[in-house]
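# Geometric and topological summary
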Amino acid sequence: MPAKQERFTALDVFRGMTICFMIIVNAPGSGADVWTPLDHAYWFGFTPTDLVFPSFLFAVGNALSFSKNKFDNDSAFLGKVFKRTVIIFLLGYLMYWFPFFHRTGGTWVFNTLANTRIMGVLQRIALCYFFGALIVHYSSQKAAVIISALLLAGYWVFLFLFGEPGKEFTMLGNAGTKLDILIMGNAHLYHDKGGPIAFDPEGLLSTFPAIVNVIAGYLAGAFVQRKGKNYESVAKLFICGGLLIILALFFGQFFPIAKKLWTSSFTLLTIGTDLAILALLVYAIEIENMKTGTRFFLAFGKNALVIYLLSELLLTTLQLIWLRPQLSFYDWINQVFYQRLFPGPPGTLMFALCYMFVCWLVAYLLDKNKIYIKI
């Protein structure tokens, strides 16, 4: 009989792998161009880095498949979901506000709320978790699939109808940017490298197709639990993933694959890829009983959000500490060590890997002492 609520190591390893690579791509060194696979596609297209954030949302959905039936009544469920959503959203907001001050002409100036970014990675995770949890809790799996299709199709139609004619998929002409500016204002959006152009890759409108990544993760997790550890499960995950990838590539001819717009074709492509990765992990870990490397990723997975938050705050702190005017510790260590030993893009990769290992050490110590911080 298939396991009902048995914890699958493959799902936990998947989440840990996602956090591991999320830290690597968010912490490239300085002093040279970023190693190409660790950089996002500029606009249209797809790189391995573009898969990381969708995979985290997919992992959030996996976790929902285990927690969905743990609540005695709807009020307990809604209370838990609402509380968790608010906490994650506020943590994301505070993370972008941190360190609350900045240097101007050698003096410290308070970062006003008027110029603080509202949306962001954790904020999107919070909203996708909230809506995804409600959808999978109050609807059947078939209904969840239909809702997902409507979200993807509706997003495509919305961009066409309300975007600037001929520029529906451009940075400033798409309907999402216009909506973000209208609701949140220019000052509360993401400005790349502090420039004047306001565009938020985690904007309000593009959050809707991202909800589908959470729903897909839930459906995949529920399927694995229902069918159990066997070749049939692996084969079906692979087949479904392959079909979604083919559909995404076909759909991409009409609605281009773009992570920063989180287009519907991008959503399908990332879900299909995640299903294939999950199938491979189920086969290797659950069927072939592979142990090599699993403990490394499990340490990340057991305190996923906390370690991600730590990685972002620590990185900001390294950039905040100045060894001399205009030279942060972050830039200094890259100049005197990583770029001297590994000139160019390899140096940025080595810094990212070392930084990831520092974060892993914290995750390992927390796991070793059985400290699990639930958010």
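Predicted model, so just to flag it, every value in this text is computed and none were measured. (Residues numbered from 1 in each chain as written. Predicted model: local features only at pLDDT ≥ 70, side-chain atom pairs only at ≥ 80, totals over all residues. Heavy atoms only, no water.)

## Re the nonpolar core
- Judged by nonpolar contacts, the single largest core of 101 residues is most densely connected at Ile19 and Phe300.
- Ranked by the residues each element gives to this core, the list is headed by helix α7 (residues 207–227), at twelve residues.
- Contact partners of Ile19, with chain neighbours within four places excluded, come to Phe56, Phe300, Ala304, Ile307 and Tyr308.
- In terms of nonpolar packing, the next biggest core, distinct from the first, is built from five residues, Met119, Met184, Leu189 and Ala198 among them. (Core = buried A, V, L, I, M, F, W, Y, C linked by side-chain atoms within 4.5 Å. Buried < 20%, exposed > 50% of the residue type's maximum accessible area, 1.4 Å probe, protein only. Helix = DSSP H or I, 4+ residues; strand = E, 2+ residues; numbered from the N terminus. Contact = heavy atoms within 4.5 Å.)

## What about helix α8 (residues 231–251)?
- For α8, spanning 21 residues, the distance from its first C-alpha to its last is 30 Å, which sits close to the expected 30 Å at 1.5 Å a residue.
- Along α8, the positions that sit buried rather than exposed are Ser233, Val234, Leu237, Gly241, Leu244, Ala248 and Phe251. Along the long axis of α8, the arc covered by the buried residues comes to 130 degrees, so they all point the same way. Residues Tyr231, Ile239, Leu243, Ile246 and Leu249 are exposed on α8 and point more than 90 degrees away from its buried face.
- Looking at the buried residues of α8, the elements they touch are α5 (141–162), α7 and α9 (264–287).
- The residue sitting at the N-terminus of α8 and contributing the capping side-chain oxygen is Asn230; that oxygen lies 3.2 Å from the backbone nitrogen of Glu232. (Expected span 1.5 Å × (residues − 1). Arc of directions from axis to C-beta. Polar contact = N/O pair within 3.5 Å; in protein donor to acceptor, adjacent residues only side chain to side chain.)

## Observations concerning the environment of Ala276
- For Ala276, the location among the structural elements is in helix α9.
- Sequence-wise, Ala276 and Ala235 are 41 residues apart; in three dimensions their C-alpha atoms are separated by 9.5 Å.

## A look at the packing of α7 against α8
- Here α7 crosses α8 at 155 degrees, and the two axes come no closer than 9 Å. One finds that α7 runs roughly antiparallel with respect to α8. Note that α7 runs across α8; the crossing there is right-handed. Here α7 contributes Phe223, Val224 and Lys227 to the contact with α8, which in turn contributes Glu232, Ser233, Lys236 and Leu237.
- Looking at the contact of α7 with α8 residue by residue, the class counts come to three nonpolar, one polar and three charged. (Axes fitted to C-alpha atoms, helices over the stretch in contact; angles between N-to-C directions. Parallel < 35°, antiparallel > 145°, perpendicular 65-115°, else oblique. Left-handed = near helix turned anticlockwise from the far one by under 90°. Nonpolar A, V, L, I, M, F, W, Y, C, P; charged D, E, K, R; others polar.)

## So, the environment of Phe8
- Here Phe8 shows up in the segment before α1 (9–26).
- Residue Phe8 is classed as buried on the basis of its relative accessible area of 1%.
- When the C-alpha atoms of Phe8 and Gln225 are compared, they prove to be 7.8 Å apart, with 217 residues separating the residues in sequence.

## Side note on the pattern of salt bridges
- Applying the stated rule across the entire model yields nine salt bridges.
- Measuring nitrogen to oxygen at the nearest pair gives 3.0 Å for the salt bridge that ties Arg15 to Asp12. With a gap of three residues between them, Arg15 and Asp12 both fall in helix α1, about one helical turn apart. In terms of burial, Arg15 and Asp12 fall into one category: buried.
- For Glu164, the salt bridge goes to Lys178, with nearest N and O atoms at 3.9 Å. Remark: Lys178 occurs in helix α6 (residues 175–184) and Glu164 occurs in the loop between α5 and α6; sequence separation between them is 14 residues.
- By relative accessible area, which is 30% here, Glu164 ends up partly exposed.
- On the basis of relative accessibility, which here comes to 37%, the residue Lys178 falls in the partly exposed class. (Salt bridge = Lys/Arg side-chain N within 4 Å of Asp/Glu carboxyl O.)

## Here we look at the side chain of Thr85
- Relative to the helices and strands, Thr85 is located in helix α3 (residues 74–97).
- In contact with Thr85, not counting residues within four places along its chain, are Ala126, Tyr129 and Phe130.

## Things to note about the environment of Leu151
- Structurally, Leu151 can be placed in helix α5.
- By relative accessible area, Leu151 is classed as buried at 19%.
- C-alpha of Leu151 to C-alpha of Ala210: the two residues are 59 residues apart in sequence and 9.2 Å apart in space.

## Here's the deal with the packing of aromatic side chains
- In total, this model carries 28 aromatic pairs according to the counting rule given.
- Taking the centre distance of 4.8 Å and the plane angle of 80 degrees together, the rings of Trp156 and Phe251 count as edge-to-face. Taken together, the residues span a long stretch of sequence, with Trp156 in helix α5 and Phe251 in helix α8 at a distance of 95 residues.
- On the numbers, 6.2 Å between centres and 50 degrees between planes, the contact of Tyr231 with Tyr283 is tilted. (Phe/Tyr/Trp six-rings, centres within 6.5 Å; stacked < 30°, edge-to-face > 60°.)

## A word on the packing of α3 against helix α4 (residues 121–138)
- For the pair α3 and α4, interaxial distance at closest approach is 7 Å and the crossing angle is 165 degrees. Relative to α4, the element α3 lies roughly antiparallel. The way α3 lies across α4 gives a crossing that is left-handed.
- Across the contact of α3 with α4, the residue classes tally to 19 nonpolar, four polar and three charged.

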